[in-house]
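Reading the structure
Chain by chain, the residues:
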Amino acid sequence: MSDNKENASNGESCCACSLDPERRALLAATAGVGAIVGLGVAAPFVGSFLPSERAKAAGAPVEYDLSKLAPGQMDTIEWQGKPVWIVRRTPEMVAALKKNDANLVDPNSERSEQPEYAKGTARAIKDEYFVCLGVCTHLGCSPNPKFLLGAESGMGEDWNGGFLCPCHGSRFDLAGRVFKSMPAPVNLVIPPHSYLSDTRLLIGKDSKES
Amino acid sequence: MNCCKTVTDKAQQALAWVDERFPLSFLWKSHVSEYYAPKNFNFWYLFGSLALLVLVIQIVTGIFLVMNYKPDASLNLAGVPVAFASVESTIMRDVWGGKYIRYMHSTGASAFFIVVYLHMFRGMLYGSYRKPRELIWLFGMGIFLCLMGEAFFGYLLPWGQMSFWGAQVIVNLFSAVPVIGGQLSEFIRGDFVVSDATLNRFFAFHVIAIPLVLLGLVTSHLIALHEVGSNNPDGVEIKKHKDANGIPLDGIPFYPYHVIKDVFGVSIFLIVFAAVIFFAPEGGGYFLEFNNFFPADALKTPPHIAPVWYFTPYYSMLRATTSDFLPFLWAFIALISVLTWRGAASCRFVRGLCVLVPLAAYWGFFGLSAFGLTVPLTALLLPGVKFTVLGVDLARGLDAKFWGVVMMGGSVMLFALLPWLDRSPVKSIRYKGVLVKTALVIFVVAFLILGYFGTQPPSPVGNILSQICTILYLSFFGLMPWYSRLDKTKPVPERLTWK
């Protein structure tokens, strides 16, 4: 009884300074749990922004028939919703690549994204066929082919053929390697690809994975 | 007669009935009929009410457009994306009057930016951002950012070539953020490319999320304005001199005086607006870009892509920030730091920052190389050792691409600092000296040049001029604390001047 009385008087004195520790604790606990529940409820809203399962599934490899491509010609196909270029480079085009090395950011493609088998100067499995993601590493525009040489290309006297991004003017050579002082920081990305036969190319899959 | 008297009596009673339950008369008086604004408002003071008008135009036309628009990137039976067809075919051809509603909305977007840029320029002319109006200015900055968001999200909806590639470029800006960039841009798009998921979420942002924020900010902007009262072309406080009833001597009630002035401005504006809608709705390719009349094609970037004119100054600054520009940018940051250091003899914290900021910027720009011109120091001392943490090469700093994005965002946000950068003893340009006037002229010219080159394809001359103008743009803000203090000002009158 006496304990109860004491509690009651304590309670009164707390009321006088408008503080009730028990209720405070209850309110704090409730608010704390409420905040946790609130965070949990927020999760689906954040999660709904991630690529959906359907978007993730739509990335199957694409087959390409190389026999229809003439030397010096380029074709564009769609893989994962992005443009992929296939360029049939002439021996002269491949030979000219070395001439660009001094003006490139990353001539040996050490800092750029490509499968192991597409490193080096030509950045291809077979030097003749250059497979490349046609998406500028600056801000994702698709560069345009500029295959004419020298002044004729409108790209300057010493132009050895390559690509020009229409958005911010980044220049790439015929192995997708970016020139110095361009907005694009690294070389164009080479997607995983493999040869099913001499004329059948599979884009989106390494030979190792199969 | 008797009958009329009864009607007015009834109306009075009805108003009293409402006033007992909702402060209708009070709100009307305190914000309109007894809100005293300076009597010397000029041409520049039209753009606030015009901005409100354009907001209403955008909301009303937007509601009607949504009735026929379909945010769907899939192809219809004719092989055209549904969203593109719902704009270019349904709204533009099939819906009665749809064409004009769409033109009002698209022209309204450009008009909004014209009006808001002029409104902001007014603020800069007469020092409307100065104490005690800093919060009005900051709410205004929030409105400006929301408008940019609205314009950007809305531009994707017609799903044309420029819509698609514009969104592609801007969303990819976020991929420049170190470490989390790649996931961040995927998170924004909801896909690995700009796709149907992107279109739908941008639609949601454009029609509901941002407009709600925008309305809240506009309300806050006006509440803050009515709390402190309007500035004026003389930049003196009219509340300093009040009559016996506490009414500012140089103030006149907003209703009817300023309302009449605004109605006049609105009429002129609407005549011009209607002329554009009926005779030049595409604005020569500046209001509606020609490439946007082609449906979006994910495989082909148009030969020349540029944002709509109101984004071009910032787009130019993005393009100007290349790796060979970074040394100049660093020199600018170093200069500001030296100046700040000299002026902050008493404050250790500020002096510390003045050392830290240039050092951090140097690393961020060039890593451990000499201004990005040489190989990193580590490559000489420890060849073959990599200092890459989470995809960031510590020896090389961060990409110029990232700094371009920081430049673009940062240069917009610089306006928000104006209340604290401007150290001039006077507010209005009328009493400022030649130094500040020159700086303002240079700033406006640089802004226009940047805007022009942003509409043009990249070129060497354009690039160098954009870089010069970027430095001038930054200098206007960065050097303001010094030139605004050095400036020889004229004496400010005690009361308003007007003819």
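Residues numbered from 1 in each chain as written. Chains lettered and ligands numbered in written order. Predicted model: local features only at pLDDT ≥ 70, side-chain atom pairs only at ≥ 80, totals over all residues. Heavy atoms only, no water.

1. Description of the interface of chain B and chain A
Stated formally: Contact between two residues is taken to exist if any of their heavy atoms lie within 4.5 Å; hydrogens are not considered. Buried area counts how much accessible surface, traced with a 1.4 Å probe, disappears from two parts once they are put together, with both parts' losses summed. Polar contacts, as used here, are pairs of N or O atoms within 3.5 Å; protein pairs need one atom able to donate a hydrogen and one able to accept it. Residues neighboring in sequence count only if both atoms are side-chain atoms. Here a helix means four or more residues in a row that DSSP labels H or I, a strand means two or more in a row labelled E, and each is numbered from the N terminus. For this classification, Asp, Glu, Lys and Arg are treated as charged, while Ala, Val, Leu, Ile, Met, Phe, Trp, Tyr, Cys and Pro are nonpolar and the rest, including Gly, are polar.
Across the contact, 29 residues belong to chain B and 30 residues belong to chain A. Approximately 2,600 Å² of surface area, both sides summed, lies buried where chain B meets chain A, with 64% of it carried by carbon and sulfur atoms. The interface formed by chain B and chain A holds 8 residue pairs in polar contact (both at pLDDT 80 or more) in total. Listing elements by their share of the side of chain B that touches chain A, those giving two or more residues are α7 (161-173), α8 (181-189), α9 (196-228) and α11 (312-320) of chain B. Across the side of chain B that touches chain A, the residue classes break down as 15 nonpolar, 6 polar and 8 charged.

2. Quick word on the packing of aromatic side chains
Residue and element names in this part refer to chain B. So the rule is basically this: Working definition: a ring pair exists when centres of Phe, Tyr or Trp rings (six-membered ring for Trp) sit within 6.5 Å. Plane angles under 30 degrees give stacked, over 60 give edge-to-face, the rest tilted.
Counting across every chain of the model gives 53 aromatic pairs over all chains. On the numbers, 5.7 Å between centres and 70 degrees between planes, the contact of Y117 with F144 is edge-to-face. Linking Y117 in helix α5 (residues 98-126) with F144 in helix α6 (residues 134-156), this pair joins segments that are 27 residues apart in sequence. A ring pair is formed by F447 and Y473, whose centres lie 6.3 Å apart and whose planes are at 20 degrees; its orientation type is stacked.

3. Regarding the environment of A:H168
This is how it is decided: Relative accessible area decides the class of each residue, using a 1.4 Å probe on protein chains only: under 20% of the type maximum gives buried, over 50% gives exposed, and in between gives partly exposed.
On the secondary structure map, A:H168 appears in the loop between β6 (162-164) and β7 (171-173). The buried category is assigned to A:H168, whose relative accessible area is 6%. Each C-alpha atom of the pair A:H168 and A:P83 lies 18 Å from the other, and the pair is 85 residues apart in sequence. Setting aside residues no more than four positions away along its own chain, A:H168 makes contact with A:H138, A:L139, A:P183, B:V169, B:Y315, B:L318, B:R319 and B:P458.

4. Quick word on the domain arrangement of chain B
Selection criterion: Delimitation of the domains relies on an automatic or database domain assignment.
If you check the domain split of chain B, you get domain 1 (1-28), domain 2 (34-301) and domain 3 (306-499). Between the C-alpha centres of domain 1 of chain B and domain 2 of chain B the distance comes to 38 Å.

5. Regarding the sheet that holds β7(A)
Residues and elements named next belong to chain A. Counted only if it meets this: In short, DSSP must find at least two bridges between two strands for them to pair. Simply put, an axis is a line fit to the C-alpha atoms, just over the touching stretch for a helix, and the angle between two N-to-C directions goes from 0 to 180 degrees.
Spatially, the 3 strands line up as an open sheet ordered β5-β6-β7, and their pairing is antiparallel. The strands lining the two open edges of the sheet, one partner per strand, are β5 (144-146) and β7. On average, each strand axis in the sheet is tilted by 30 degrees relative to the strand beside it, whichever way the strands run. Bridging between β6 and β7 involves 3 bridges; their strand directions are antiparallel. Considered in β7, the bridge of L164 is made with R171.

6. Looking at the side chain of B:S475
When you line up the elements, B:S475 lands in helix α18 (residues 460-478). Once residues within four sequence positions are removed from consideration, B:S475 is found in contact with B:F332, B:M480 and B:Y483.

7. A short note on the sheet that holds strand β9 (residues 200-203) of chain A
Residues and elements named next belong to chain A. Taken in spatial order, the 3 strands of this open sheet run β1-β9-β8, and their pairing is antiparallel. Among the strands making up the open sheet, the edge pair consists of β1 (62-65) and β8 (193-195). Averaged over all pairs of adjacent strands, the angle between strand axes in this sheet comes to 25 degrees, irrespective of strand direction. With 4 bridges connecting them, β1 and β9 associate as antiparallel partners. Note on β9: the bridge partner recorded for E63 is L202.

8. What to know about the pairing of strand β3 (residues 82-88) of chain A
Residue and element names in this part refer to chain A. The element β3 is extensively covered by neighbouring structure, given that 7 of its 7 residues are classed as buried. Side chains K82, V84, I86 and R88 project from β3 onto one buried face, and the interleaved P83, W85 and V87 project onto a second face that is buried too. As judged from the 6 bridges shared by strand β2 (residues 74-79) and β3, these two strands associate in the antiparallel manner. Across the sheet, residue D75 finds its bridge partner in β3, namely I86. The loop that links β2 with its antiparallel partner β3 comprises 2 residues; one of these, Q80, has a positive phi angle of about 55 degrees.

9. Quick look at empty space enclosed by the protein
Residues and elements named next belong to chain B. To keep things clear, this is the line we draw: Buriedness of a pocket was judged along seven lines, with at least five required to meet protein on both sides within 12 Å; pockets are open sets of points on a 1 Å grid over the protein atoms alone, cavities are sets where a 1.4 Å probe fits but cannot get out, and lining residues have an atom within 4 Å of a point. Grid points are joined across faces, edges and corners, and a volume is the space filled by probe spheres set on the points.
Here the structure, examined in full by the defined rule, presents 2 cavities of 30 Å³ or more. Quantified by volume, the largest cavity comes out at close to 100 Å³. If you trace the largest cavity, you find it lined by M124, L125, Y129, D422, I429, K432, V436, L440, F476, M480, Y483 and S484. At the level of secondary structure, the elements contributing two or more residues to the lining of the largest cavity comprise α5, α17 (434-455) and α19 (480-486). With 3 residues, the top contributor of residues to the lining of the largest cavity is α19. Looking at the lining of the largest cavity, its residues break down into 9 nonpolar, 1 polar and 2 charged.

10. Focus: the side chain of B:H221
You can see B:H221 is positioned in helix α9. Under the relative-accessibility criterion, B:H221 is labelled buried at 17%.

11. Comments concerning the confidence of the model for chain B
Formally: Known as pLDDT, the predictor's per-residue confidence is scaled from 0 to 100.
Residues of chain B with pLDDT of at least 70 account for 99%, and the chain-wide mean is 92. Complex prediction metrics read pTM 0.87 and ipTM 0.75.

12. Considering the pattern of salt bridges
Here is the rule: Salt bridge, as applied in this entry: a Lys or Arg side-chain nitrogen positioned within 4 Å of an Asp or Glu carboxyl oxygen.
Taken as a whole and assessed by the stated rule, the structure comprises 17 salt bridges over all chains. Salt-bridge contacts for B:E88 lead to B:R102; the nearest nitrogen and oxygen are separated by 3.5 Å. Within this pair, whereas B:E88 is found in helix α4 (residues 82-94), its partner B:R102 is found in helix α5, the two being separated by 14 residues in sequence. No difference in accessibility class separates B:E88 from B:R102, as the two residues are buried. The salt bridge partner of B:E237 is B:K427, with a shortest N-O separation of 2.6 Å. Placement of the pair is B:E237 in the loop between α9 and β2 (251-253) and B:K427 in the loop between α16 (418-421) and α17, with a sequence separation of 190 residues. Because the salt bridges share partners, they merge into one network encompassing A:K98, A:D101, A:D173 and A:R177.

13. Things to note about the state of the cysteines
Residue and element names in this part refer to chain A. Formally: Only a pair of cysteine sulfur atoms within 2.5 Å counts as a disulfide in this structure description.
Evaluation of the coordinates by the stated rule reveals 1 disulfide over all chains. Between C132, a cysteine without a disulfide, and C136, which holds the nearest cysteine sulfur, the sulfur-to-sulfur distance is 10 Å. Here C165 is not cross-linked by a disulfide; its sulfur's nearest cysteine counterpart is in C136, at 3.9 Å. Looking at C165, the relative accessible area reads 3%, which means it is buried.

14. Some remarks on the environment of B:T61
Residue and element names in this part refer to chain B. Along the chain, the position of T61 falls in helix α3 (residues 47-66). Among the residues examined, T61 registers a relative accessible area of 6% and is labelled buried. With 44 residues separating them in the primary sequence, T61 and H105 have C-alpha atoms 5.9 Å apart. For T61, the residues in contact, after removing those within four places along its chain, are I101, M104 and H105. In this structure the side chain of T61 is engaged in a polar contact, spanning 3.3 Å, whose partner is the backbone oxygen of Q58.

15. Here's the deal with the packing of α11(B) against helix α15 (residues 400-413) of chain B
Residue and element names in this part refer to chain B. Test applied: Less than a right angle of anticlockwise turn of the near helix away from the far helix marks a crossing as left-handed, whereas a clockwise turn marks it as right-handed.
Two elements in contact, α11 and α15, have axes whose closest approach is 7 Å; the angle formed by their N-to-C orientations is 150 degrees. Taken as a pair, α11 and α15 cross one another with a handedness that is right-handed. Counting all contacts with α11, which are made through Y314, Y315, M317 and L318, the residues of α15 involved are G404, V405, M407, M408, S411 and V412.

16. What to know about the pairing of strand β4 (residues 129-133) of chain A
Residues and elements named next belong to chain A. The buried fraction of β4 is high, at 5 of 5 residues. Side chains of β4 alternate between two faces, with Y129, V131 and L133 and F130 and C132 buried alike. Sheet topology note: the β3/β4 ladder contains 5 bridges and is antiparallel. By the bridge assignment for β4, I86 is matched with V131.

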